[in-house]
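Spelled out from the first residue to the last, the chains are:
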Amino acid sequence: MTDHNVSDRAAIEPSAASAGLRVLIVDDHSIFRSGLRAELDADITVLGEAATVDAAINSVIDLQPRVVLLDVHLPGGHGGGGAEVIREAAPRAPHTLFLALSVSDAADDVVSVIRAGARGYITKSASGAEVSEAARRVADGDAVFSPRLAGFVLDAFGAVAGETAETTEELDRLSARETEVMRLIARGYSYKEVASTLFIAAKTVETHVSSVLRKLQLSSRHELTAWALERKLL
């Protein structure tokens, strides 16, 4: 389908009903869309593409993808870019999740889409395999951020330098090691990255995460991230 058609409406694939994670690619650069589509893992089904805010909103509502790979800066709409897409489309696509994928690592860009409701933010320097894994994690309910962007997210929720975290009864339930693991997982680190950072086995990390979720009565890493941010624990 041509760029002109993509800008008006998503390009719907004949195989859109096939098995696998269903995603929509939203970016105003056709070369990037084509490249990303080609590099995504084979088990990911690209339902279509959109190149503008208006087309993206329509596409999300029409196609109901599980995950939208969403650029932050998009033409059209009221000038709100990716954040506007989320605000307008999410209420009419309750099972769709948004993963921001942008060349920008500016704090304002990161904060705007996270506040709008994106479940993650990674930069376009990520490989196709990394984007695929991030999309799967978002679909599973996790929050996913490039590690170096986590600070922007924390700042957006008030966790600025020098601010002391409030001591809560919930936090007191965790051991020192569980607290360390919780902070890294809440920042978007994978089990393997946490294991490498803390010099422990990935299986041990998994055990700690299960314990943390049980003690805090949470059901996913996404909920853990929200819990930690609200309490300014990171």
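Residues numbered from 1 in each chain as written. Predicted model: local features only at pLDDT ≥ 70, side-chain atom pairs only at ≥ 80, totals over all residues. Heavy atoms only, no water.

Going by what an unreviewed UniProt entry lists, the chain is known as Response regulator transcription factor and is assigned to Cryobacterium suzukii.

Applying the stated criterion across every chain yields a total of zero aromatic pairs. Of note, Arg 221 hangs over the ring of Tyr 191, and the distance from its end group to the ring centre comes to 4.8 Å. (Phe/Tyr/Trp six-rings, centres within 6.5 Å; stacked < 30°, edge-to-face > 60°. Lys NZ or Arg CZ within 6 Å of the ring centre and 35° of its normal.)

As a further point, take the pairing of strand β2 (residues 44-50). With respect to burial, β2 is a largely interior element, seven of its seven residues being buried. Direction of pairing for strand β1 (residues 21-26) relative to β2: parallel, over a ladder of six bridges. Opposite Val 23, over in β2, you have Val 46 as the bridge partner. Between β1 and its parallel partner β2, the chain crosses via helix α2 (residues 30-39), and the hand of that crossover is right-handed. (Buried < 20%, exposed > 50% of the residue type's maximum accessible area, 1.4 Å probe, protein only. Helix = DSSP H or I, 4+ residues; strand = E, 2+ residues; numbered from the N terminus. Pairing = 2+ DSSP bridges. Right-handed = clockwise from strand over helix to strand, strands pointing away.)

The six strands lie next to each other as β2-β1-β3-β4-β5-β6, forming an open sheet whose pairing is parallel. This sheet does not close on itself; its edge strands, each paired only once, are β2 and β6 (144-145). Examined bridge by bridge, strand β3 (residues 67-70) and strand β4 (residues 97-102) share four bridges and lie parallel to one another. The residue bridging Leu 69 from the neighbouring strand is Leu 99, located in β4.

The next point concerns the nonpolar core. Formed by 29 residues in total, the largest nonpolar core has its most connected members in Val 26, Leu 70, Val 85, Phe 98, Val 113 and Tyr 121. Breaking this core down by element, the ones donating at least two residues are β1, β2, α3 (53-63), β3, α4 (81-89), β4 and α5 (107-116). With six residues, α3 is the largest single contributor of residues to this core. Leaving out residues up to four positions away in the same chain, Val 113 has contacts with Val 72, Gly 82, Ala 83, Ile 86, Ala 100, Ala 118 and Tyr 121. (Core = buried A, V, L, I, M, F, W, Y, C linked by side-chain atoms within 4.5 Å. Contact = heavy atoms within 4.5 Å.)

So, about the environment of Val 144. The residue Val 144 is located in strand β6 in this model. Using a relative accessible area of 4% as the deciding quantity, one classes Val 144 as buried. Between the C-alpha atom of Val 144 and that of Ala 118, which follows or precedes it by 26 residues, the distance is 9.6 Å. Setting aside its immediate chain neighbours within four residues, Val 144 contacts Leu 99, Arg 119, Gly 120, Tyr 121, Ile 122, Ala 134, Arg 137 and Val 138.

Moving on: the pairing of β3. By the alternation rule, side chains of β3 split into Val 67 and Leu 69 and Val 68 and Leu 70, which are all buried. Direction of pairing for β1 relative to β3: parallel, over a ladder of four bridges. Bridging from a neighbouring strand, Val 26 pairs with Leu 70 of β3. Each parallel crossover has a hand, and for β3 linked through α4 to β4 it is right-handed.

All right, on to the packing of helix α8 (residues 176-186) against helix α11 (residues 221-230) then. Here α8 crosses α11 at 100°, and the two axes come no closer than 9 Å. When the interaxial angle is binned, α8 and α11 end up roughly perpendicular. Counting all contacts with α8, which are made through Met 182, Ile 185 and Ala 186, the residues of α11 involved are Arg 221, Leu 224, Thr 225, Trp 227 and Ala 228. Of the residues that constitute the contact of α8 with α11, the class distribution is six nonpolar, one polar and one charged. (Axes fitted to C-alpha atoms, helices over the stretch in contact; angles between N-to-C directions. Parallel < 35°, antiparallel > 145°, perpendicular 65-115°, else oblique. Nonpolar A, V, L, I, M, F, W, Y, C, P; charged D, E, K, R; others polar.)

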